[in-house]
Amino acid sequence: SLDNRFAFAADLGTDKIMIYQLDYESSTIKPHDPPSASVPPGGGPRHFAFHPSGQFAYTNNELTSTVTAFTYDIDRGRLAPFQTISTLPESYDGSNNTTAEIKVHPNGKFLYVSNRGHNSIAKFKIDPSTGELTAMGYTPTMGATPRNFGINPEGDFLIAANQDSGTIVLFRLDGNTGDLTFANVVRPVPIPVCVKFVPITE
């Protein structure tokens, strides 16, 4: 959690987000009460992301190509699911698709999920008062199997890692509209599976 009081783990096998209390004095963690929050059966939560406000959180369900949104009780450390929405267009049957990564834009206005199979980044608008998601469309990653992507801290670029085509692709990200635009940069990288931005300190 943003206040470092709780840790959350997306457990694909149990369809739950596990919640743990952090005890810094004893350097231990223990299950919270309640110890978890559930997604729809068979969803398979993969990754988990907080909204910058700390009031909402999201998990991408790998097996059903959906996102589940939660409200978050900051004081009590509790998640309550309130929405599950598809990451795919209605015209796509989704039979060969799984989701991989999920990120909230630094400004809290948008959420992004990668689709492996459809080979796209799904884009969602976030309601600032409720946390509810509205689908905005899908940007092809110009490669196969986007297992991961990263958004730079300023929120104006997204790098997609296409695992099976061996490329990373740079997109410009408009923080006002949430749109992604190909930045004419493609680099060969053998089997890329994770993108991280690392701050440089002098």
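So, here is what we can say about the structure in this document. Remember, predicted model here, so these are calculated numbers, not experimental data.

A few words now on the overall build of the chain. Looking only at helices and strands, the chain has zero helices and 15 strands in total. On C-alpha atoms alone, the chain measures out to a radius of gyration of 17 Å, which is about the 17 Å that the 2.2 N^0.38 rule sets for 202 residues. Reported as C-alpha extents along the three principal axes, the dimensions of the chain are approximately 50 × 50 × 35 Å. Scored against the burial criterion, the 202 residues of the chain give a buried share of 46%. Across the chain, contacts joining residues at least 24 apart in sequence account for 40% of those joining residues at least 6 apart. Here the chain contributes 15 positively and 20 negatively charged side chains, and the mean placements of these two sets differ by 2 Å.

Once that is clear, we can look at the sheet that holds strand β15 (residues 180-188). Ordered in space as β12-β13-β14-β15, the four strands form an open sheet in which the pairing is antiparallel. Looking at the sheet topology across the chains shown, the edges are occupied by β12 (146-151) and β15. Sheet twist, expressed as the average angle between the axes of neighbouring strands with direction ignored, equals 20°. Bridge analysis of strand β13 (residues 157-162) against strand β14 (residues 167-173) gives six bridges, and the strand direction is antiparallel. Counted as the bridge partner of N162 is T167 from β14.

Further remarks concern the nonpolar core. Grouped together as the largest cluster of nonpolar side chains are 14 residues, with contacts concentrated most on Y58, V67, I102, L111, F124 and L133. Going through the elements one at a time, β5 (56-61), β6 (66-73), β8 (98-104), β9 (110-116) and β10 (120-126) are the ones with two or more residues in this core. In terms of residue count, β10 provides more of this core than any other element does, three residues in total. Here I102 is in contact with H47, F48, A49, Y58, T59, N60, V67, L111, Y112, V113 and F149, once residues within four sequence places are set aside. One finds F8, A37, F48 and L79 within the second-largest nonpolar core, a separate group that totals twelve residues.

For the rest of this paragraph, the subject is the environment of F8. Position of F8 relative to the elements: it lies in strand β1 (residues 6-11). Taking relative accessible area as the criterion, F8 reaches 17% and is therefore assigned buried. For the pair F8 and A49, spaced 41 residues apart in the sequence, the C-alpha separation amounts to 9.4 Å. Residues in contact with F8, not counting those within four places in the same chain, are S1, I17, M18, I19, F48, F50, Y72 and L79.

Our focus in this paragraph is the pairing of strand β11 (residues 133-140). With seven bridges joining them, β10 and β11 adopt antiparallel strand pairing. Bridge pairing links I121 to T139 in β11. What sits between β10 and β11 in their antiparallel hairpin is a turn of six residues, with G131 showing a positive phi close to 80°.

Rules used in this analysis
Residues numbered from 1 in each chain as written. Predicted model: local features only at pLDDT ≥ 70, side-chain atom pairs only at ≥ 80, totals over all residues. Heavy atoms only, no water. Helix = DSSP H or I, 4+ residues; strand = E, 2+ residues; numbered from the N terminus. Rg over C-alpha atoms; globule rule 2.2 N^0.38 Å. Buried < 20%, exposed > 50% of the residue type's maximum accessible area, 1.4 Å probe, protein only. Contact = heavy atoms within 4.5 Å. Lys, Arg positive; Asp, Glu negative; His and termini not counted. Charge placed at Lys NZ, Arg CZ, Asp CG, Glu CD. Pairing = 2+ DSSP bridges. Axes fitted to C-alpha atoms, helices over the stretch in contact; angles between N-to-C directions. Core = buried A, V, L, I, M, F, W, Y, C linked by side-chain atoms within 4.5 Å.

Any link to function would need more than the numbers given here.
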